[in-house]
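What the coordinates show
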Amino acid sequence: MAIWKFCLVSILFLLWPVDAFAQNIAVPVKIQYPLFLKILTFDRNLKSRVGNDIVLAVIYQSKFPGSRIVKEEFEKTFNESPIKEIDNISISLITIDIEKENLRQAISAKKIDIVYIAPLRAVNLKRLIDECHTRNILTLSGVPAYIKTGVAVGIGLKGNKPQILVNLPAVNAVNVNFSSQLLKLAKIIK
Amino acid sequence: MKFQFEYIFPRPFTRIKTKFTLVVTVLIFIISIFVYFFFPTWEKKQAMMAISEKAQSIAQMAAYSISPAIVFADSEGISQVITSARQNKDLAYLFVVNENDHLLGQFAPGKTGKKSFYKMQKNHSISKDNATYNVIAPVLSQGKVIGRLYLGISLRELNSRVSRSRKISGLVGLVIFLFGFIAAFSTSKVITRPLDMMVETVKQITLGDLSQRAPIISHDEVGRLAESFNLMIESLEQRTAELKLVNEQLYKENLIRKQSEHKYFSLFNQIPDAIAIFDKKTKQFLDCNSKITKIYGYSKAEFKKLTPFDLHPAEEKSKVKRLIDTRNPEKPNRYTHLSKDGRRMDVEIVSDEIEFQGRPAWLSIIRDITERLQAEKKLAKEQHLLQSFMENIPDAIYFKDMEGHFLRINRAQAKRLGLDDPKDATGKTDFDFFTEENARQVRKQELRVMRSGKISVHEQVKILADGNESWVSGTKVPLPDENGKIIGIFGITRDITERKRTEESLKIFTEKLMARNKELQEFAFIASHDLQEPLRKVRAFGDRLWAKYSDELGEQGHDYLLRMQNAAARMQTLIDDLLAYSCITIKDRPLVKTDLSRIVREVLKDFQIQIENVGAAVQLEKLPVISADPLQMRQLFQNLISNALKYHRQGVAPIIRIYNGTTGDKNSSDQEPLANGFHHIRVEDNGIGFEQKHADRIFAVFQRLHTRDSYQGTGMGLTICRKIVEHHGGSITAKSRPGEGATFTIKLPRKPENDI
């Protein structure tokens, strides 16, 4: 009887709507960062969408070391990079620890334009993405699996080379108008 | 045909100036036309190729750029591409359609409202108004056509550039033509002027004036031509003079050549060898010299009807047919030829190819070698004889050069030298075979012979290795060459050891014999001398008996006593003769100069009465003075004259002739050859003579051919004569026929030191 109960609990645990299991990034952050900046230059609606500055938020889990390390690398790369603007639109970086902050409140409070999602675990990623997209926030991630989940733009790996991953419905959903030249280079996920 | 045409319509004289100007003008005109048409057309073609490549390039780039915009329905991207393409100023239009020909974007200034304009264009075509160059490029995505680009490049600028180029080309062509015409005209004038002047000069030279020279008025090819022409004229002038000299020389050479030909024909006919020339193909004789007619007996005309085969005997013809065309001019061939009368001749022929009267022929020089071959055969025979002599003679023969090297030896000499083959001695000397002392001695003798040129005969004893003596008799003769110069020596050596031994034995035997003979002669002398005493007593007592008791003896006693007295007297004669015979050698008196004429005259005096009794006629000619014993000589002639008087024919008066036969006498019946070194004194008579077979017998002791009753004598007269003559180193012979007299020939040695 006890065994049967144990099995039932296990099945329920597995069926729990948490789809953000811990995933690893495919490409180092210091490569991801300039690539994302270049991708953003292909967005014809960037200016109209973000105004004169871009607030880029890194969402991570402080208790998950993999997530925390990526967040730290992202910060370090940003700080060390000489590129701090795109087409005269300045970029500022903030971090959101979803284990400590409420995401919705944080987005509202900090006027976030773009979200970079670090590797997460035990998080309902889809709800998190929907929350961003509902507010026309472009989502980026270094974890390729997250693009299929709904993240708009990601960086994967094809062979030994980085590959741009574009979730076209997600991109259209957040009113981003990427140039077809970019789309030609990227792997389109519909 | 051409000649006739030109004869009827002679070609007019056209000046070089006219031809040159006309040709150059036409050429320049063609060049001008070419410049006018070629360069603009070429430029347009090049520009069209550039425009085509440019349009194709723009279209391809645009299609490539616009492909993702069509895929992602990126109208803004399409516009961007069109805008980018418009950067090219020559772009006339650009239409972008998708795969369903739905227009996605366009650039068509001036063609608003004509949206389907592009559909009428063809790829890589020029529009009807010649304003645009049209290109259609497909838009591809992943190998699939997803749209097309219609693109036009404006040709307006090209057309204006071509038009401008054509105007410039026309102008340049016109300028070239004008300047070319002027230049051609001027050049032709410059070129032809000196030529005209040269023509004038040539005309003067043609008339025979070689002193004319072409003026040199330009320093170019024509000037050089004029210079060369002048040099040629100078050369021609010199050559003309030289030619004249050469003609004279040729005339002289021709004269010499004719003389040479004359000499050649003289030589051809006078050469000692026969020469015949026959056709190489037909083999018919073409010519021959006069020697042919002498050798073969044919006339020249007869010979020319023959071929070489007619000269050969039947057995040789096949050989001649085989070899007649393969003769070696350097090697004579030997054949047998037949003369006209069938006489066979050995000939030697040397032939060579010549060209005679324009056709190939053989020239054969024929030499009659019949006599030469006979001489060669004789020589070979003599050589064979010499060789046989050399090989078979037991005497050793050798030939040496001046240095003493053996040139040739015979087998006997080889054997003597210890060689198997006589050739092994060639080049060697005596020093290679004998002891140095012997060789040196021989060499000394040889040098003496070669220097003196006199023959040396010597006998030599050599001590052999076994200690025995070996005697050789050598004759060394200087060897002269054909000019008489002494080039060596040859000699004959004979082993005379056996002969020497025999001589030695003979000498001993002779000495013994002489001793015994002397003893015998002494015995005879003593015996005959001692016999005289009892005989004298017999005769003395006989005489006393006759004187005192003849009356008492009676008739028979008288007869016996007379017979005894006669026998004693004959015995006395015999003893006297025997004594005389013995005394010849026993009483060895020295020889003195003896005048034989005087001796004979004294003897004749002694026989004076006897001569008169028989009525003999004695002819005494001059006899020599010799070295002899005068008494014995007296005895000799006394005996011979006595015999001549005694044995005369009955009723025929004796004729006795005594003469010196050495000087030769045509009247002499003696036909014997005269021996050198001897006086031949002959005593000739016309007596009864004797059989020649008794010629030796009559000289034997006590030998008589007649009975004592017929002719008195002891038979010792001629024996004594022979003994005397032999004692003087001579001999005596007799020749006679019965009834024809006899001739006694006394040979006495001629001793120069004693002759007078």
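Residues numbered from 1 in each chain as written. Chains lettered and ligands numbered in written order. Predicted model: local features only at pLDDT ≥ 70, side-chain atom pairs only at ≥ 80, totals over all residues. Heavy atoms only, no water.

Details of the overall build of chain A
Spelled out, the test is: By the criteria applied, helices consist of DSSP H or I runs no shorter than four residues and strands consist of E runs no shorter than two, each listed in order from the N terminus. The criterion used for residue contact is that any of the two residues' heavy atoms lie within 4.5 Å. All accessible areas in this document rest on Shrake-Rupley with a 1.4 Å probe, and a residue is counted as covered only by the protein chains that are shown.
Across its full length, chain A carries nine helices and eight strands. A separation threshold of at least 6 residues defines the contact pool for chain A, and within that pool the share at least 24 residues apart is 65%. When the accessible surface of chain A is split by element, carbon and sulfur atoms take 57% of a total near 10100 Å².

With respect to the sheet that holds strand β20 (residues 678-685) of chain B
Residue and element names in this part refer to chain B. To keep things clear, this is the line we draw: Strands qualify as paired when DSSP identifies two bridges or more between them. Under this scheme, a helix contributes an axis fitted over its contacting stretch, all axes are lines through C-alpha atoms, and angles between N-to-C directions fall in the 0 to 180 degree range.
Across the sheet, five strands lie side by side as β17-β19-β20-β22-β21; this open sheet has mixed pairing. In the strand order of this sheet, the two ends are held by β17 (617-620) and β21 (731-736), each with one partner. Averaged over all pairs of adjacent strands, the angle between their axes in this sheet comes to 15°, without regard to strand direction.

Focus on the packing of helix α13 (residues 596-606) of chain B against helix α15 (residues 630-646) of chain B
Residues and elements named next belong to chain B. The following threshold applies: Throughout, the term roughly parallel applies to angles under 35 degrees, roughly antiparallel to angles over 145, roughly perpendicular to angles from 65 to 115, and oblique to all others. Crossing handedness is defined as follows: a turn of the near helix away from the far one that is anticlockwise and smaller than a right angle gives a left-handed crossing, while the clockwise case is right-handed. In this classification, the charged set is Asp, Glu, Lys and Arg, the nonpolar set is Ala, Val, Leu, Ile, Met, Phe, Trp, Tyr, Cys and Pro, and all remaining amino acids, among them Gly, are polar.
Across the interface, α13 lies against α15 with an axial gap of 9 Å and an inter-helix angle of 50°. By the angle class used here, α13 and α15 are oblique. The two elements α13 and α15 cross, and the hand of that crossing is right-handed. Residues L596, I599, V600, E602, V603, L604 and D606 of α13 lie in contact with α15, whose contacting residues are P630, M633, R634, F637, Q638 and I641. When its residues are assigned to classes, the contact of α13 with α15 shows nine nonpolar, one polar and three charged.

Quick word on the pairing of strand β2 (residues 103-107) of chain B
Residues and elements named next belong to chain B. Judged from the four bridges that link them, strand β1 (residues 91-98) and β2 form a sheet pairing that is antiparallel. Counterpart to F95 in the pairing with β2 is Q106. The loop that links β1 with its antiparallel partner β2 comprises four residues; one of these, D101, has a positive phi angle of about 60°.

Some words on a nonpolar patch on the surface
Residue and element names in this part refer to chain B. Quick note on the threshold: Exposure above 30% relative accessible area and the lack of any salt bridge qualify a residue for a patch; like charges then connect within 9 Å, and the nonpolar side chains Val, Leu, Ile, Met, Phe, Trp and Tyr within 5 Å. Throughout this description, the term salt bridge denotes a Lys or Arg side-chain nitrogen within 4 Å of a carboxyl oxygen of Asp or Glu. Exposed residues in this analysis have more than 50% of their type's maximum accessible area, buried residues have under 20%, and partly exposed residues fall in between, with area computed by a 1.4 Å probe over protein chains only.
Taken together, the side chains of L22, V26, F29, I30, I33, Y36 and F37 make up a nonpolar region of the molecular surface, amounting to roughly 650 Å² of accessible area. Tracing the backbone through its elements, the reader meets I33 in helix α2 (residues 16-71). The exposure class of I33 is partly exposed, given its relative accessible area of 36%.

As for the pattern of salt bridges
Residues and elements named next belong to chain B. Using the criterion set out here, one finds 44 salt bridges over all chains in the structure. The closest approach of N and O atoms between K203 and E200, which form a salt bridge, is 3.7 Å. Of the two residues, K203 and E200 both sit in helix α4 (residues 156-206), three residues apart, roughly one turn of that helix. Overall, E200 belongs to the partly exposed group, its relative accessible area being 44%.

Observations regarding the interface of chain B and chain A
Many authors give the size of an interface as the accessible area that is lost as the parts come together. Going by this rule: In this description, buried area is defined as the sum, over both parts, of the accessible area (probe of 1.4 Å) that is lost when the two are combined.
Listed by partner, the interface residues are nine residues for chain B and eight residues for chain A. Summing both partners gives a buried area of about 700 Å² for chain B against chain A, and 52% of it is carried by carbon and sulfur. Looking at the side of chain B facing chain A, the largest losses of area belong to P68, F72 and D74 of chain B, adding up to 62% of the total buried there. Applying the counting criterion to the chain B and chain A interface returns two salt bridges. Ionic pairing is found between R44 of chain A and D74 of chain B, a salt bridge with its closest N-O pair at 2.4 Å.

Considering helix α2 (residues 29-41) of chain A
All names here are of chain A. So the rule is basically this: The span you would expect from a helix comes to 1.5 Å times its residue count less one. Here, the arc refers to the directions that run from the helix axis to the C-beta atoms.
Compared with an ideal rise of 1.5 Å per residue, which puts 13 residues at 18 Å, α2 spans 19 Å between its outermost C-alpha atoms and is within 8% of the ideal. For α2, every residue scored as buried is listed here: V29, Q32, Y33, F36, L37, I39 and L40. End-on view of α2: buried residues confined to an arc of 160°, all on one side of the axis. In α2, the exposed positions angled more than 90 degrees off the buried face are occupied by K30 and K38.

A few points about the sheet that holds strand β3 (residues 125-126) of chain B
Adjacent strands of a sheet pair through backbone hydrogen bonds, lying either parallel or antiparallel. Residues and elements named next belong to chain B. If you walk across this open sheet you meet the five strands as β2-β1-β5-β4-β3, and the pairing is antiparallel. The sheet is open, and its two borders are formed by β2 and β3, each paired with just one other strand. Relative to strand β4 (residues 132-141), β3 runs antiparallel, the two being bridged by two bridges. Residue pairing for β4: I126 is matched across the bridge by Y133. Its contacts with the sheet place α2 against β1, β2, β3, β4 and β5 (144-154), and it is angled at close to 35° to β4.

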